[in-house]
Amino acid sequence: MNWQAVSFDWNQMRAFFATAEEGSLSAAARALGSTQPTVGRQIAALEADLGLSLFERAGRSLVMTAAARDLLEHVQAMGDAASRISMVASGQSDDIAGRVVITANDLLAAGFLPRVLMRLRNEAPGIIVEIIASDRIENLIRRDADIAIRHVQPTQPDLIARRLPDATAGFFAAATYLARHGHPQSLEDLGKHSFIGPRDTDQLLAFLKERGVTIAPERFCAVSENSVIMWEMMRAGLGIVVGPIDFMPATADVVRVLPDLPPITFPVWLATHRALRTSRRIRVVFDILADELARTVASKSK
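Residues numbered from 1 in each chain as written. Predicted model: local features only at pLDDT ≥ 70, side-chain atom pairs only at ≥ 80, totals over all residues. Heavy atoms only, no water.

So, on to the overall build of the chain. Per the secondary structure count, the chain includes eleven helices and eleven strands. Buried residues in the chain amount to 42% of all 302 residues. Taking contacts inside the chain between residues at least 6 apart in sequence as the whole, the part at least 24 apart equals 76%. Accessible surface for the chain amounts to roughly 15,900 Å². Of this, 52% is attributable to carbon and sulfur atoms. (Helix = DSSP H or I, 4+ residues; strand = E, 2+ residues; numbered from the N terminus. Buried < 20%, exposed > 50% of the residue type's maximum accessible area, 1.4 Å probe, protein only. Contact = heavy atoms within 4.5 Å. Areas by Shrake-Rupley, 256 points an atom, 1.4 Å probe, with all protein chains shown as cover.)

Listed below in structure tokens is the structure:
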């Protein structure tokens, strides 16, 4: 190893990597838990050390130069290696205190995880849980999260995943909406009602059509990328929504529509990085999540 050739500071490289990923100094500072002036100074120092210009300003954003793009692949490899070192160290820990980051979609995070955290608080009070409410497949290898609840099988080779019992979904509406528009009595009736859905309604329509439910695109009166907002718009009486049967708490103002229809099933996967599975605190949270997910699905299927 030619140590004399290594003239840069890793903190400066972190600042460069975060800015390249986030697109601005302010966003990079938030991601690093730092300040914008500090990140700016670190990048300026790195440019001086390397003798390269790394960013050009385009409005409020920063655009990487050709030199920065050539550098980024190598810095990415350094970042991945640093994450692996951190995960291996965390994986050797027998301590059941500390932070564990869980990622799940927004509706699951809001409707299900708080109840699980009460059990975790009783059994392992030293663990602090951070929840990332996201539908994206968080990169566990990069340690955006320690544990992910997902509805597609994780494919990264360094991850371990456990498939849990399939969950179920159905149609829901506010009691006030049904009082105004009546209860659908058949799938044909259902197609005449107003619906709330995601922005990509085509994907939902195709998913439902495969299961024998045909809804015209114009029946969607409101859409959102956020499932919690969709649920709340349904509760306000705007229309019918497709939602999980298993994970949302029962409320008097929400009614399941056509409850005798066969439920829509979808898979549930629980995943973590292989290096973290030996960490006692990760194992405790992983096992409690698996148990609560399986028990919740089982209790709703009775």
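Past the structure itself, the notes keep going.
On to the pairing of strand β8 (residues 220-223), then. Pairing analysis gives three bridges linking strand β7 (residues 195-197) to β8, with the strands arranged parallel. Across the sheet, the residue bridging to Gly197 is Val223, located in β8. Once the chain exits β7 it traverses helix α9 (residues 201-209) before rejoining the sheet at β8, and the crossover so formed is right-handed. (Pairing = 2+ DSSP bridges. Right-handed = clockwise from strand over helix to strand, strands pointing away.)

Along the chain, the position of Pro267 falls in strand β11 (residues 264-273). According to the relative accessible area criterion, Pro267 is partly exposed, its value standing at 23%. Once residues within four sequence positions are removed from consideration, Pro267 is found in contact with Arg150, His151, Arg163 and Asp166.

In the contact formed by helix α1 (residues 10-22) and helix α2 (residues 25-32), the axes pass within 8 Å of each other and the chain directions differ by 120°. Relative to α2, the element α1 lies oblique. Between α1 and α2 lies a crossing of right-handed hand. Contact residues: Arg14, Ala15, Ala18, Thr19 and Glu22 in α1; Leu25, Ala27, Ala28, Ala31 and Leu32 in α2. Class assignment for the residues of the contact of α1 with α2 results in seven nonpolar, one polar and two charged. (Axes fitted to C-alpha atoms, helices over the stretch in contact; angles between N-to-C directions. Parallel < 35°, antiparallel > 145°, perpendicular 65-115°, else oblique. Left-handed = near helix turned anticlockwise from the far one by under 90°. Nonpolar A, V, L, I, M, F, W, Y, C, P; charged D, E, K, R; others polar.)

So, on to the nonpolar core. If you look at the biggest cluster of nonpolar residues, it comprises 45 residues, and the most contacted ones within it are Ile149, Leu270 and Leu289. Counting residues per element, this core draws most heavily on helix α11 (residues 280-301), which supplies eight residues. Not counting residues within four places of it along the chain, the set of residues in contact with Leu270 comprises Ile147, Ala148, Ile149, Ile160, Ala161, Arg162, Leu164, Phe286, Leu289, Ala290 and Leu293. (Core = buried A, V, L, I, M, F, W, Y, C linked by side-chain atoms within 4.5 Å.)

The next thing to look at is the pattern of salt bridges. For the structure on display, the rule yields ten salt bridges. Linking Glu292 and Arg119 is a salt bridge whose minimum nitrogen-to-oxygen distance equals 2.8 Å. In this pair, Glu292 sits in helix α11 while Arg119 sits in helix α6 (residues 113-123), placing the two residues 173 residues apart along the sequence. Overlapping salt bridges, with partners in common, bring together Arg119, Glu123, Asp291, Glu292 and Arg295 in one network. (Salt bridge = Lys/Arg side-chain N within 4 Å of Asp/Glu carboxyl O.)

It is worth spelling out α6 at this point. Among all positions in α6, only Leu113, Val116 and Leu120 are buried. End-on view of α6: buried residues confined to an arc of 60°, all on one side of the axis. Exposed residues pointing more than 90 degrees away from the buried face of α6 are listed as Met118, Arg121 and Asn122. (Arc of directions from axis to C-beta.)

Another aspect to go through is a negative patch on the surface. A cluster of acidic residues, Asp135, Asp200, Asp202 and Glu225, forms a negative patch on the protein surface. By the element assignment, Asp202 lies in helix α9. (Patch = residues over 30% accessible without salt bridge, like charges linked within 9 Å, V, L, I, M, F, W, Y side chains within 5 Å. Lys, Arg positive; Asp, Glu negative; His and termini not counted. Charge placed at Lys NZ, Arg CZ, Asp CG, Glu CD.)

Attention shifts here to the environment of Leu178. Turning to its location among the elements, Leu178 is positioned in helix α7 (residues 175-181). When near neighbours in sequence (up to four residues on either side) are disregarded, Leu178 contacts Ala173, His183, Pro184, Val255 and Val257.

What follows is about unusual backbone geometry. The residue Leu258 is not glycine, and still its phi comes out positive at about 50°. Considering the arrangement of structural elements, one finds Leu258 in the loop between β10 (254-257) and β11.

What follows deals with the packing of aromatic side chains. Following the criterion strictly, the structure yields five aromatic pairs and no others. Measuring from ring centre to ring centre gives 5.7 Å for Phe16 and Phe55, while their planes differ by 50°; the resulting arrangement is tilted. Of this pair, Phe16 sits in helix α1 while Phe55 sits in strand β1 (residues 55-58); the two residues are 39 residues apart in sequence, bridging distant segments of the chain. Owing to a relative accessible area of 13%, Phe55 belongs among the buried residues under this scheme. Ring centres 6.4 Å apart and planes at 80° place the aromatic pair Phe171 and Phe195 in the edge-to-face group. On the criterion of sequence distance, the pair formed by Phe171 in strand β6 (residues 159-174) and Phe195 in strand β7 is long-range, its members being 24 residues apart. Here Phe171 matches Phe195 in class, with each residue buried. (Phe/Tyr/Trp six-rings, centres within 6.5 Å; stacked < 30°, edge-to-face > 60°.)

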